Amino acid sequence: MATDAELKQWLSMKQSLLATNSDILLQAGKDEMLKLCSDLEMVVSCCEAKRDKLRETKELEQKWLEEKKQVVLTINDHIERLRVEMEKCSEHNIFLETKAKIQKVKAYQENLMENLGDILAMHAPLSQKESSASKNQKNFPQELNEDHISLSEILEVLMDKVINTPHDPYVTVDDTFWPPYVEMLLRYGIAVRHQENNFKIRLETFF
């Protein structure tokens with residue numbers, strides 16, 4: 001460095017007094033000391049200015065860092081809200097899809113039961129009472145037996161029992177069940193009897 005070079009140069013130089021008068025030497029020393037103090041004051045002033053600049057830069061950087069931390073926190077909060085909203089939307093969409101499927105199945109079941117009722121009404125009509133007049137006259141109109149339920153109603157009772165109480169799917173056969181209907185369901189494997197009680201039947205398991 002320049003300062004080291006100057007120091008070496010000064011050390012290598014032969015020292016000699018410029019004057020022998022003490023007053024002149026004192027004045028020269030004072031002037032040199034004043035110059036040195038002025039240089040030192042300038043150095044101190046430069047260091048203080050540099051220190052203040054560094055302090056200002058540090059404060060600005062700390063402020064910038066705090067602002068960035070706040071931005072990160074805000075972004076994280078927004079991301080969390082979006083995640084919660086997405087989960088709610090996903091659950092809501094699943095609920096709507098499930099509800100639509102259930103409605104579709106119900107509509108299909110209603111349509112199926114309606115078609116089944118039409119087929120049963122055509123091929124398995126309600127039981128009819130036979131009066132003494134109808135026995136003697138073949139073409140005499142017979143009255144419907146209101147005590148018996150239709151075959152479609154019997155099937156509906158069996159299906160409801162299986163759905164509502166799957167642990168106990170058996171239905172007790174009472175006077176409303178027309179015996180020919182019951183025998184037909186048992187014969188074609190649509191229903192089965194209870195192993196210990198012949199007056200109970202259930203819908204056959206088809207799966």
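Now for a look at the structure at hand. One numbering rule holds for all chains: residues counted from 1, following each sequence as written. In view of the model being predicted, local features appear only for residues whose pLDDT reaches at least 70, and side-chain atom pairs are presented and counted only at 80 or more, with totals across whole chains, interfaces and linings using the full set of residues. With hydrogens and water excluded, all non-hydrogen atoms of the structure serve as input to the side-chain values.

1. Digging into the side chain of R202
- Only runs of H or I of at least four residues qualify as helices and only runs of E of at least two qualify as strands under DSSP, and these elements are numbered from the N terminus. Along the chain, the position of R202 falls in strand 5 (residues 200-203).
- Residue contacts are defined here by distance: any two heavy atoms, one from each residue, within 4.5 Å place the two residues in contact. For R202, the residues in contact, after removing those within four places along its chain, are L158, P169, Y170, I190, A191 and V192.

2. As for a nonpolar patch on the surface
- A cluster of nonpolar side chains, namely M33, L36 and L40, defines an oily patch on the protein surface of about 290 Å² accessible area.
- Here L36 is to be found in helix 2 (residues 22-123). Residues forming no salt bridge and having over 30% relative accessible area are the ones grouped into patches, like charges within 9 Å of each other and nonpolar side chains (Val, Leu, Ile, Met, Phe, Trp, Tyr) within 5 Å. Values of accessible area rely on a 1.4 Å probe in the Shrake-Rupley scheme; residue burial ignores everything except the protein chains shown. In what follows, salt bridge is the name for a side-chain nitrogen of Lys or Arg lying within 4 Å of a carboxyl oxygen of Asp or Glu.

3. As for the pattern of salt bridges
- In this structure the tally under the stated criterion is six salt bridges.
- For the salt bridge of R51 with D52, the shortest nitrogen-to-oxygen distance reads 3.4 Å.
- Looking at R51, the relative accessible area reads 43%, which means it is partly exposed.
- Each residue's exposure class comes from its accessible area (1.4 Å probe, protein chains only) as a fraction of the maximum for that residue type: buried when under 20%, exposed when over 50%, partly exposed otherwise. Classification of D52 as partly exposed rests on a relative accessible area of 37%.
- A salt bridge links E183 to R193, with the shortest nitrogen-to-oxygen separation between them at 3.2 Å. Taken together, the residues E183 in helix 5 (residues 179-187) and R193 in strand 4 (residues 191-193) connect sequence positions ten residues apart.
- For R193, a relative accessible area of 33% puts it in the partly exposed group.
- Several salt bridges share partner residues, and in doing so they unite E80, R83 and E87 into one network.

4. Here we look at the packing of aromatic side chains
- Only centres within 6.5 Å qualify two rings of Phe, Tyr or Trp (six-membered ring in Trp) as a pair; their planes then separate them into stacked at under 30 degrees, edge-to-face at over 60, and tilted for everything else. For the structure on display, the rule yields one aromatic pair.
- An angle of 90 degrees between the planes, with centres 4.9 Å apart, marks the rings of W178 and Y181 as edge-to-face.
- Given a relative accessible area of 4%, Y181 falls into the buried group.

5. Details of helix 5
- Among the residues of helix 5, Y181, V182, L185 and L186 are the ones counted as buried. Projected onto a plane normal to the axis of helix 5, the buried residues spread over an arc of 130 degrees and lie on a single side.
- Looking at the buried residues of helix 5, the elements they touch are helix 4 (151-164), strand 4 and strand 5.
- Just past helix 5, the residue G189 takes up positive phi, approximately 75 degrees. Directions from the helix axis toward the C-beta atoms define the arc.

6. A word on the sheet that holds strand 4
- In this description, strands pair whenever DSSP reports at least two bridges between them. Taking strand neighbours across the sheet as the criterion, the three strands line up as 3-5-4 in an open arrangement whose pairing is antiparallel. Two strands in the sheet have a free side with no partner beyond their single neighbour: strand 3 (171-172) and strand 4.
- By the bridge criterion, two bridges tie strand 3 to strand 5 in an arrangement that is antiparallel. Residue pairing across strands places V171 opposite I201, the latter belonging to strand 5.
- Note on geometry: axes are C-alpha line fits, over the in-contact stretch for helices, and angles between N-to-C directions span 0 to 180 degrees. Each of strand 3, strand 4 and strand 5 touches helix 4; the most contacted strand, strand 5, lies at about 80 degrees to it.
- Contacting strand 4 and strand 5, helix 5 crosses the sheet at an angle of about 100 degrees to strand 4.

7. Describing the nonpolar core
- One finds I154, L158, F177 and L185 to be the most contacted residues of the largest nonpolar core, which totals 15 residues.
- Those elements giving two or more residues to this core turn out to be helix 4, helix 5 and strand 5.
- Once residues within four sequence positions are removed from consideration, F177 is found in contact with I149, I154, V157, V171, T172 and V182. To define a nonpolar core, start from buried Ala, Val, Leu, Ile, Met, Phe, Trp, Tyr and Cys residues and group those joined through side-chain atoms within 4.5 Å.

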